[in-house]
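Analysis of the macromolecular model
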Amino acid sequence: MLKQILISLVAGAAVSAAAAVTPAYLDPSRDIEERVEDALSRMTTAEKVAILHAQSKFSSPGVARLGIRGLWTTDGPHGIRPEVLWDEWDQAGWTNDSCVAFPALTCLAATWNPEMSALYGRSIGEEALYRGKDVLLGPGVNIYRTPLNGRNFEYMGEDPFLASEMVVPYVKGVQEQGVAACVKHYALNNQEVNRHTTNVIVDDRTLYEIYLPAFKAAVQQGGAWSIMGAYNYYQDQHLCHNRRMLNDILKGEWGFDGAVISDWGGTHDTAEAVANGLDLEFGSWTNGLSNGASNAYDNYYLANPYKEMLAKGEADTKTLDDKARRVLRLIFRTSMNTSKPYGSLCSEAHYAAARRIGGEGIVLLKNDKGLLPLPLSSEKPVRLLVVGENALKMMTVGGGSSSLKVQREVSPLDGLRAAAPAGMTVDFARGYVGDVTGEYNGVTSGQDLSESRSPSELIAEAVEKARAADYVVFVGGLNKSAGQDCEDSDRESLSLPYGQDEVITSLAKANPNLIVVNVSGNAVAMPWVKQVPAILQAWFLGSEAGNSIADVVFGKVNPSGKLPMTFPVKLEDVAAHAMGEYPGVKRQGEDVWDEKYNEGVLVGYRWHDTKKIKPLFPFGHGLSYTTFSYGKPVADRREMAVGETMTITVPVTNTGDREGQEIVQLYVTDVKAPLQRPAKELKGFRKVALAPGETKEVTFTITADDLAYFDADAHSWATHPGKYQAHVASSSADIASTVPFTLR
Ligand code: BGC
């Protein structure tokens, strides 16, 4: 009996010893590279190919035989997109797929606060995780080249330095959750018109100085695990399989070890996709079905056609293994990451984050006679009139792939009503009719915005009510409908649509206390700027829009956002329109539009400053309810050599009577450049919080790298000895002091 027990004990131990031998790829304690190699060594060619393309609209398969999980992707970049059917864009009709909508990325950039970026990344990463997503399709960092680009609201403005500083904490915050950021749309995807057929022609210097730095920062400093190719062409090759951009620059020069994911429907050729760096194909023939006999996904460029090439010896296994390795790495970093947290969805913390980021990103463009903030107490009753469709309209639905389904969205009108102090009545007048529909991809806002009155009747009503009001807040702007800040279309002009200029002008005549709140992701023309005493740039603010706006209007939050892009007076003042060939020149007999970026590096304020064109509001501009004064900067040296650093310290004082935050900016000028350089370029910024009367010292460090330009002939960054200037500034047009120095 005893012997029997012993035998079975021994046998049991043998069994569990066998079970204990976990294959390396399944052992989370092993190094990820070891897991990747082990998994790869067990996979058949068919299995390797299978993980390189989608199996549904938003997912790609793993290797079921080996228990390797696939990947679930999601848009991105402002919240977690609602679920669609397996093979369609149509809604799956789930009831548990709503999310918190965070402010659009232009707003995040306008905070100029990397801490807000980290908060954003962590929060959206937690939502993605809770919803079971492995790859978040965002953030977007295409440079703002023209205010007409329908997708600028998904990006981080016109300056490569600002976008770089802001993208890194977002990427890290998302990836801390075990969710990959997929930085998009790499690269030169600066307009939506002809988005599949534009061939960008840009010189190398411009490419490296303006259009690549934010992507490079996301990859090298943020450690992004994936990147999305763009739809358009560069050097006559689609950017989803572009040899130079993907193989040479991204994977070669930058050492990117993650996966290149195609934009949905951005792959066009198997041989190119195989050879030129695409790793994971999504959304071909974007309905996912029409090119398929049985399973359309087998017909993807990186599916059966790739297998056939391999079988015929037209493609090599080295390249296949490299792609499979990258996708496996992505899988082990995300879906098979056993140490990732659990995430959370629609938590109060996420709403609070959205509200805070929104409040910090709103820009006070103008505030004559301290009209804002509105008083919180008054001896007599106060009448506030709110005017405008954007005070009502839900903005989380619309705009394209970033459209969301939310549980809660506070409209500006509701936010202002909720925050209005006792003794203040809030009335509303429509003012204009924009787009009364509220639907995207089957998600409806559920709002009835129908209106039968004529434009003149609406203006007459608003004017009459404005005459009787103490304050008027007009909330207008764009609305994420086609042509008004929306994917797949650009705006047709810089002007506000739907006759809003007339409404604003009429209101300005009726009431001197007019505040205009412009909701948009782009600069708009403001022909009425002189007639309106207070203007707020409010962006698309997501779930907490109304609360963020009310926080600023009533002074709970002291505005501290600054513009991440130049607001031009008119379109012809924008380099891409004055010099460039927007929207491209059609090639004869071909469906390709060549577009030369003739303006070169002179994008945004670089153009305005250099050509001395006065903007409506300059890059970096934003007021506060308090005032700041800048003291004399002190430099630790006035001469430096390559390899040395120079520091500039400037005291900044809050000279008003409210707590506030100031964004102190550092620009550098190359005084006698051997080639044309912008009048100045942003090389540093700090956001400092100051109590009334408080002074803090802000220190910037300058190295030779900050003075460098890209020497295209030598294909490297270069500096030249000579005279430079460092400007401490509160905007690109408001320089507090200049420190001359020399590079030896
Ligand atoms: C957009 C991407 C998006 C993808 C998936 C594409 O049309 O350009 O930004 O992530 O669709 O929805």
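Residue numbers here run from 1 along each chain, matching the order of that chain's written sequence. Reporting of local features is limited, given that this is a predicted model, to residues whose pLDDT is at least 70; pairs of side-chain atoms are given and counted only at 80 or more, and all residues count toward the totals for whole chains, interfaces and linings. Water and hydrogen atoms play no part in the side-chain values, which are based on all heavy atoms of the structure.

Section: the overall build of the protein chain
Numbering goes from the N terminus for both helices and strands, where a helix is a DSSP run of H or I of at least four residues and a strand is a run of E of at least two. Helices and strands together make up the secondary structure of the protein chain, namely 19 helices and 30 strands. The globule rule used here is 2.2 Å times the number of residues to the 0.38 power, and the radius of gyration it is set against is calculated over C-alpha atoms. For 744 residues, the compact-globule estimate of 2.2 N^0.38 gives 27 Å, and the protein chain sits close to it at 27 Å. The dimensions of the protein chain, computed from C-alpha atoms along their principal axes, are 95 × 70 × 65 Å. In the protein chain, buried positions account for 63% of the 744 residues. Contacts were defined at the residue level, with two residues in contact if any of their heavy atoms lie within 4.5 Å. Within the protein chain, counting contacts between residues at least 6 apart in sequence, those at least 24 apart form 76% of the total. Per element, the accessible surface of the protein chain, about 26,900 Å² overall, is 51% carbon and sulfur. The convention is simple: Lys and Arg are positive, Asp and Glu are negative, and His and the chain ends are not counted. Lysine's charge is taken at NZ, arginine's at CZ, aspartate's at CG and glutamate's at CD. Computed over 72 positive and 90 negative side-chain charges, the separation of the two mean positions in the protein chain equals 3 Å. Per-residue accessibility, obtained with a 1.4 Å probe over protein chains only, is compared with the maximum for each type, and a residue is labelled buried under 20%, exposed over 50%, and partly exposed between these values. Reported accessibility uses the Shrake-Rupley method at a 1.4 Å probe radius. Residues are deemed covered only where the shown protein chains occlude them.

A closer look at the sheet that holds strand β24 (residues 660-670)
Pairing is mixed in the open sheet, where 5 strands are placed in the order β22-β30-β29-β24-β25. Whereas interior strands pair on both sides, the edge strands pair on one side only; in this sheet they are β22 (639-640) and β25 (681-690). Sheet analysis places β24 next to strand β29 (residues 722-731), joined by 6 bridges and oriented antiparallel. Its bridge partner lying in β29, Tyr-667 is registered against His-727. A pair of strands is treated as paired once DSSP finds two or more bridges between them.

As for the packing of aromatic side chains
Pairing of aromatic side chains here covers Phe, Tyr and the six-membered ring of Trp, requires ring centres within 6.5 Å, and sorts the geometry by plane angle: under 30 degrees stacked, over 60 edge-to-face, intermediate tilted. By the definition in use, this model includes 23 aromatic pairs. Look at Trp-285 and Tyr-301: their rings are 6.1 Å apart centre to centre, the planes differ by 40°, and that puts the pair in the tilted class. Placement of Trp-285 in the loop between α10 (270-275) and α11 (304-311) and of Tyr-301 in the loop between α10 and α11 is noted, with a sequence separation of 16 residues between them. Between the aromatic rings of Tyr-432 and Tyr-498, the centroid separation amounts to 6.2 Å while the plane-to-plane angle is 10°, which identifies the pairing as stacked. Of this pair, Tyr-432 sits in the loop between β12 (424-429) and β13 (439-440) while Tyr-498 sits in the loop between β15 (471-477) and α16 (500-510), and the two are 66 residues apart along the sequence. A relative accessible area of 3% means that Tyr-432 is categorised as buried.

Quick notes on the sheet that holds strand β18 (residues 585-586)
The 5 strands are arranged β8-β7-β5-β19-β18 in an open sheet whose pairing can be described as mixed. A strand with exactly one partner marks an edge of an open sheet, and here the two such strands are β8 (237-238) and β18. The pairing of strand β5 (residues 198-201) with strand β7 (residues 233-234) spans 2 bridges and is classified as parallel. Of the residues in β7, the one forming a bridge with Asn-199 is Tyr-233.

Description of the environment of Val-552
Take Val-552: it is sitting in helix α17 (residues 545-553). For Val-552, a relative accessible area of 0% gives the class buried. It is 9.9 Å that separates the C-alpha atoms of Val-552 and Ala-538, two residues lying 14 residues apart in sequence. Leave out the neighbours within four places in its chain, and Val-552 touches Gly-359, Ile-362, Pro-373, Leu-536, Val-557, Pro-559 and Tyr-625.

Overview of the nonpolar core
By size, the foremost hydrophobic cluster in this structure holds 130 residues, and its most contacted members are Tyr-186, Leu-188, Leu-207 and Met-245. Not counting chain neighbours up to four residues away, the residues in contact with Met-245 comprise Tyr-186, Ala-187, Leu-188, Leu-207, Leu-212, Tyr-234, Leu-239 and Leu-250. Take the buried residues of types Ala, Val, Leu, Ile, Met, Phe, Trp, Tyr and Cys, join any two whose side-chain atoms come within 4.5 Å, and each joined set is a nonpolar core. Residues Val-382, Leu-478, Leu-514 and Ala-534 belong to the second largest nonpolar core, which totals 74 residues.

A closer look at the site of the ligand
We call a residue near a molecule or strand whenever a single non-hydrogen atom of that residue lies within 4 Å of it. Of all residues adjacent to the ligand, which total 15 residues, the nearest are Asp-75, Arg-151, His-185, Tyr-231 and Asp-263. Between the ligand and Asp-75, the relevant distance is 2.4 Å, taken from an oxygen atom to a side-chain nitrogen or oxygen of the residue. Distance and chemistry together define a polar contact, namely a pair of N or O atoms within 3.5 Å, with one atom able to donate a hydrogen and the other to accept it when in protein, and with adjacent residues in sequence counting only for side-chain atoms on both sides. Tyr-231 places a side-chain nitrogen or oxygen 2.7 Å from an oxygen atom of the ligand. Within the complex, the protein chains bury 97% of what would otherwise be the 310 Å² of accessible surface of the ligand. In the scheme used here, Gly and all other residues not listed as nonpolar or charged are polar, with Ala, Val, Leu, Ile, Met, Phe, Trp, Tyr, Cys and Pro taken as nonpolar and Asp, Glu, Lys and Arg as charged. Here the residues of the shell around the ligand are counted per class, giving 6 nonpolar, 2 polar and 7 charged.

Some details on helix α6 (residues 160-175)
Expected helix span is given by 1.5 Å per residue-to-residue step, counting one fewer step than there are residues. Helix length check: α6, at 16 residues, gives a terminal C-alpha distance of 22 Å against a target of 22 Å (1.5 Å per residue), a fit within 8%. Burial analysis of α6 places 13 of its 16 residues in the buried class, which makes it a mostly covered element. You can read the cap of α6 off the contacts: a side-chain oxygen lies 2.9 Å from the backbone nitrogen of Phe-161, and it is on Asp-159.

Quick look at the pattern of salt bridges
Oppositely charged side chains may form a pair once their charged atoms are brought near each other. Salt bridge, as applied in this entry: a Lys or Arg side-chain nitrogen positioned within 4 Å of an Asp or Glu carboxyl oxygen. Throughout the structure, instances matching the rule amount to 49 salt bridges. Notably, a salt bridge pairs Lys-465 with Glu-461, separated by 3.7 Å at the nearest N-O pair. Taken together, the positions of Lys-465 and Glu-461, both in helix α15 (residues 455-468) and 4 residues apart, correspond to about one turn of that helix. Here Lys-465 falls in the partly exposed class, since its relative accessible area comes to 26%. Residue Glu-461 is classed as partly exposed on the basis of its relative accessible area of 21%. A cluster of three or more residues bridged by salt bridges with shared partners is formed by Arg-151, Glu-154, Glu-192, Arg-195, Glu-487 and Asp-488.

A word on the domain arrangement of the protein chain
The domain boundaries here were taken from an automatic or database domain assignment. Looking at the assigned domains, one finds that the protein chain contains domain 1 (43-333), domain 2 (363-560) and domain 3 (626-743). When each unit is reduced to the centre of its C-alpha atoms, the spacing between domain 1 and domain 2 is 34 Å. Across the contact, 36 residues belong to domain 1 and 33 residues belong to domain 2. Summed over both sides, the interface of domain 1 with domain 2 buries roughly 2,700 Å², with 52% coming from carbon and sulfur. Looking at the side of domain 1 facing domain 2, the largest losses of area belong to Ala-101, Leu-148 and Phe-153, adding up to 21% of the total buried there. For Lys-405, the salt bridge goes to Asp-97, with nearest N and O atoms at 2.5 Å. The tally of links from domain 1 across to domain 2 stands at 23 residue pairs in polar contact (both at pLDDT 80 or more). When residues in the side of domain 1 that touches domain 2 are grouped by element, the largest group, 3 residues, is from helix α4 (residues 105-111). Two parts placed together each lose some accessible area under a 1.4 Å probe, and the buried area is that loss summed for both.

Let's talk about the packing of helix α7 (residues 204-211) against helix α9 (residues 243-253)
The angle between two axes is taken between their N-to-C directions and runs from 0 to 180 degrees, where each axis is a line fitted to C-alpha atoms and a helix contributes only its stretch in contact. Two numbers describe how α7 lies on α9: the axes approach to 15 Å, and their chain directions differ by 55°. In terms of orientation, α7 and α9 fall into the oblique class. In this structure, the crossing between α7 and α9 has a hand that is right-handed. Two secondary-structure elements touch here, α7 through Asp-204, Leu-207 and Tyr-208 and α9 through Arg-244, Met-245, Ile-249 and Glu-253. Classifying every residue of the contact of α7 with α9 gives 4 nonpolar, no polar and 3 charged. Note that the term roughly parallel is reserved for angles under 35 degrees, roughly antiparallel for angles over 145, roughly perpendicular for angles of 65 to 115, and oblique for everything else. Left-handed is the label given to a crossing in which the near helix is rotated counterclockwise from the far helix by less than a right angle, and right-handed is the label when the rotation is clockwise.

Some thoughts on the pairing of β5
Look at any regular strand and the pattern is simple: side chains alternate between the two faces of the sheet. Alignment of β5 against strand β19 (residues 593-596), held across 4 bridges, turns out to be parallel. Looking at β19, one finds that Thr-198 is bridged to Trp-593.

Here's the deal with the pairing of strand β6 (residues 226-229)
Burial of the side chains of β6 extends over both faces: Ser-226 and Met-228 are buried on one face and Ile-227 and Gly-229 on the other. Two elements, strand β4 (residues 180-186) and β6, share 3 bridges in a ladder whose sense is parallel. Directly across from Val-183, in β6, lies its bridge partner Ile-227. Relative to strand β9 (residues 259-261), β6 runs parallel, the two being bridged by 3 bridges. In the sheet register, Ile-227 faces β9, and the bridge partner there is Val-260.

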